[in-house]
Amino acid sequence: SPCPEHGPLLRIMYGLFSTWLAERVLGHLLHTRPDEPQAEQIGGTLPSVMGPRELRIKVVPILGAAFGGNYAYLIWDEDDPDRRAIVVDPADPYPVLRAAEEERLNVEVLLTTHWHFDHSGGNATFAREVPGLRVVASDRERGCDRP
């Protein structure tokens, strides 16, 4: 197998990464507050927009230096008059919401690639902030049913 064997401690820690308690603790420690500037990224990475007009992607650095730096993505068609967008993995929701505002986007869909906090940890907040948001994820990753 190309994947190395991991010891039991690492497997347990990896499993705890998805628990409600870990989400609360990590969220409290790492999430940018609505009125705070975004944490500096490793290497000073800044948001950037790329791709052709019909498939614009804004890469949004999130969670500061935690976990080696992470990214969320806003995806839209520049020629869509409604400026509809999809967001992918907004684990730190407020920097991503601000990036959507900067681009004048109406986020309609949130896609979560998998259950780790650094991908799904901002789902509940994002869903509260964007009424009518469609969250594409498993029930566990949606975060919409949690306080």
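Further up the page is the structure itself.
A quick note: this is a predicted structure, and the numbers were derived from the prediction, not measured.

Here four bridges tie strand S3 (residues 70–76) to strand S4 (residues 84–88), and the two strands are oriented antiparallel to one another. Bridge pairing links Ile-75 to Ile-86 in S4. Bridge count between S4 and strand S5 (residues 106–111): five bridges; the pairing is parallel. Across the sheet, residue Ile-86 finds its bridge partner in S5, namely Val-109. Each parallel crossover has a hand, and the one from S4 via helix H3 (residues 93–102) to S5 is right-handed.

Spatially, the six strands line up as an open sheet ordered S1-S2-S3-S4-S5-S6, and their pairing is mixed. In this open sheet, the two edge strands, each paired with only one partner strand, are strand S1 (48–50) and strand S6 (134–136). Averaged over all pairs of adjacent strands, the angle between their axes in this sheet comes to 25°, without regard to strand direction. With three bridges joining them, S5 and S6 adopt parallel strand pairing. By the bridge assignment, Leu-111 is partnered in S6 with Val-136. Sitting on the sheet, H3 is in contact with strand S2 (56–62), S3, S4 and S5, with an inclination near 145° to S2.

The next subject is H3. In terms of burial, H3 is largely enclosed, as seven of its 10 residues are buried. Looking at H3, one finds that the buried residues are Pro-93, Tyr-94, Pro-95, Val-96, Leu-97, Ala-99 and Ala-100. Phi turns positive, to about 60°, at Arg-104, one or two residues after H3.

What follows is about the pattern of salt bridges. If you walk through the whole model with that rule in mind, you get six salt bridges. Arg-53 is paired through a salt bridge with Asp-79; the nearest N and O atoms lie 2.6 Å apart. Linking Arg-53 in the loop between S1 and S2 with Asp-79 in the loop between S3 and S4, this pair joins segments that are 26 residues apart in sequence. A relative accessible area of 41% means that Arg-53 is categorised as partly exposed. Accessibility expressed as a relative area gives 52% for Asp-79, which makes it exposed. Ionic pairing is found between Asp-80 and Arg-84, a salt bridge with its closest N-O pair at 2.9 Å. By relative accessible area, Asp-80 is classed as buried at 10%. Look at Arg-84 and you get partly exposed, because its relative accessible area is 41%.

Quick look at a nonpolar patch on the surface now. On the surface, Ile-86, Leu-111 and Val-136 cluster together into a nonpolar patch covering about 190 Å² of accessible area. Inspection of the secondary structure assignment puts Leu-111 in strand S5. Accessibility expressed as a relative area gives 34% for Leu-111, which makes it partly exposed.

Turning to the nonpolar core, a few remarks are in order. In this structure, Ile-62, Leu-74, Val-87, Val-96, Val-107, Phe-126 and Leu-133 are the most contacted members of the largest nonpolar core, which totals 23 residues. The dominant element in this core, judged by the number of residues it contributes, is H3, at five residues. Residues in contact with Leu-74, not counting those within four places in the same chain, are Arg-56, Ile-57, Lys-58, Val-60, Ile-86, Val-87, Val-96, Ala-99, Ala-100, Leu-105 and Val-107.

Reading the values: rules and limits
Residues numbered from 1 in each chain as written. Predicted model: local features only at pLDDT ≥ 70, side-chain atom pairs only at ≥ 80, totals over all residues. Heavy atoms only, no water. Pairing = 2+ DSSP bridges. Helix = DSSP H or I, 4+ residues; strand = E, 2+ residues; numbered from the N terminus. Right-handed = clockwise from strand over helix to strand, strands pointing away. Axes fitted to C-alpha atoms, helices over the stretch in contact; angles between N-to-C directions. Contact = heavy atoms within 4.5 Å. Buried < 20%, exposed > 50% of the residue type's maximum accessible area, 1.4 Å probe, protein only. Salt bridge = Lys/Arg side-chain N within 4 Å of Asp/Glu carboxyl O. Patch = residues over 30% accessible without salt bridge, like charges linked within 9 Å, V, L, I, M, F, W, Y side chains within 5 Å. Areas by Shrake-Rupley, 256 points an atom, 1.4 Å probe, with all protein chains shown as cover. Core = buried A, V, L, I, M, F, W, Y, C linked by side-chain atoms within 4.5 Å.

The values reported here are purely geometric and, on their own, carry no functional implication.
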